[in-house]
Amino acid sequence: MLKISVITPTFNSVATLLSTMKSLLRQSYQNFDYVIVDGGSTDGTQDLIRVWEPRFTNRLRWISEPDKGIYDGMSKGMRLSQGDIVGILNSDDYFTSDDVLARVAEAFESDPTLDVVYGDVHFVQGNSPEVVRYYSSRKFTPESFKNGFMPAHPSVYVRKEVFDRSGGYNLDYKIAADFEWLVRLFCKMKVRARYLDMDFVTMRIGGTSGKNICSRLVILKENVRACRENGISTSVLRVATKYLFKLKELRPSYWKGLGVRALMVR
C-alpha cells in the first residue's frame, strides 16, 4: 500500500491552516505522511499545529525556522517526507473532496510505470464556497509550456524518487520555481504522466503569484527563462497571451465584482 506524503509550507497562516489540516484528516485514504514546514510564524500558527498534532496519530511532523520563501519550505518538506508519492497542499488551500488521495493512490498502484498524476483546481474568494475560476489541466501537453501553461501545481503528485532525481525546486526563481520544475519533469526527464479528471484542490485567491502587476511581470519573465533554460523556444509576448485564455476559466461570480486577481493568478 503506497504511502502519500503531503507537504504544507506555512508562514503566518493561522487564519486558514485549520481548514487545510481538516481536509487532510477527512481523506478516505489514510496512509499518508504529513509534513508542515513553518517559516517562523508569529501569529499563532505553531500553537495551532501543536493543538491539532495529536489528531494525526504520529503521521504529522513539523518544523519551524526561518526560510528563503515558499519554495524553500516545499523543498525542506520534500526532504523530510517519508512517502512513496509526494504532493503539495498549501496552507491557504484545502482538498475539494474526501477521495483525492484515494484517487491518486489508485492511479499509481494501477500502473507501476507512472511517474506523475495531475488534475484540476478551482479558486474561491476567502471562505465563500462560490467558484470564481476553474483551472483545468485537461488540455495540457508539454508544448503548453511555451504558452505559459502548466498542470495545476497543487494537483501534481509525483513519485518521491522522481522528485529526488529532478533536483527539486530551483530557488533562483522568485515566483515561478514550480513552473520551472514542471518544465524539467515533462521536457527534460520525459516523465510518464496521467491526467485525472477531477478537482483536487480549492484555492483561495491571493498568494505570491497574484499580488500585483510587478509579481505578474516577474512570472512572465521567469516563465520564459524556465523554457529557454530547458531548451524550449518562447517569448514574453507569447507567454502573456495566456491571460486571454484565462477569460474562459472565469465563472459568473467573477463578474459580480470579486476582483481581477482571479484572472491574474497563473
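Residues numbered from 1 in each chain as written. Predicted model: local features only at pLDDT ≥ 70, side-chain atom pairs only at ≥ 80, totals over all residues. Heavy atoms only, no water.

**Comments concerning the overall build of the chain**
We count it as follows: Starting at the N terminus, helices and strands are each numbered in turn, a helix being any DSSP run of H or I of at least four residues and a strand any DSSP run of E of at least two. Buried residues are those whose accessible area, probed at 1.4 Å on protein chains only, stays under 20% of the maximum for their type, while exposed residues exceed 50% and partly exposed ones sit between those limits. Note on contacts: a residue pair is in contact if any heavy atoms of the two residues lie within 4.5 Å. Calculation of accessible area relied on Shrake-Rupley with a 1.4 Å probe; when residues are assessed, cover is drawn exclusively from the protein chains displayed.
Each helix and strand in the chain was counted, giving ten helices and nine strands. When the 266 residues of the chain are sorted by exposure, 57% land in the buried category. The contacts in the chain between residues at least 6 apart in sequence include a share of 76% that link residues at least 24 apart. Of the roughly 11600 Å² of accessible surface on the chain, 53% is carried by carbon and sulfur atoms.

**Comments concerning the pattern of salt bridges**
The criterion, for reference: By definition, a salt bridge exists where a carboxyl oxygen of Asp or Glu is found within 4 Å of a side-chain nitrogen of Lys or Arg.
Overall, the coordinates contain twelve salt bridges when judged by the stated rule. With its nearest N and O atoms 3.8 Å apart, the salt bridge here joins Arg26 to Asp98. Here Asp98 lies in the loop between β5 (93–95) and α4 (100–110) and Arg26 lies in the loop between α1 (17–25) and β2 (32–38), a separation of 72 residues in the sequence. Among the salt bridges present, the one from Arg50 reaches Asp47, with a minimum N-O distance of 3.1 Å. Here Asp47 and Arg50 lie together in helix α2 (residues 45–52), a separation of three residues that amounts to about one turn. By relative accessible area, which is 45% here, Arg50 ends up partly exposed. Three or more residues are tied together by salt bridges with common partners; here these are Asp111, Arg192 and Arg194.

**Points about the packing of aromatic side chains**
Definition in use: For Phe, Tyr and Trp, where Trp contributes only its six-membered ring, two rings pair if their centres lie within 6.5 Å, and the inter-plane angle classes them as stacked under 30 degrees, edge-to-face over 60, or tilted in between. Two conditions define a charge sitting above a ring: the NZ of Lys or the CZ of Arg must be within 6 Å of the ring centre, and it must be within 35 degrees of the ring normal.
Across all of its chains, the model carries 14 aromatic pairs by this definition. Between the aromatic rings of Tyr118 and Tyr195, the centroid separation amounts to 5.9 Å while the plane-to-plane angle is 50 degrees, which identifies the pairing as tilted. Taken as a pair, Tyr118 in strand β6 (residues 116–124) and Tyr195 in strand β9 (residues 193–204) lie far apart in primary sequence, 77 residues in all. For the residue pair Tyr118 and Tyr195, the accessibility class agrees, reading buried in each case. Put simply, the rings of Tyr118, Phe140, Phe145, Phe179, Phe186 and Tyr195 touch in pairs and so form one group of aromatic residues. Here the guanidinium or amino end of Arg55 rests over the ring plane of Trp52, the centre of that ring lying 4.1 Å away.

**Digging into α4**
The line we're drawing: By definition, the arc is the one covered by directions from the helix axis to the C-beta atoms.
Along α4, the residues that are buried comprise Val100, Leu101, Val104, Ala105, Ala107 and Phe108. An end-on view of α4 places all buried positions within 160 degrees of arc, on one side of the element.

Keep in mind these values describe shape, not function.
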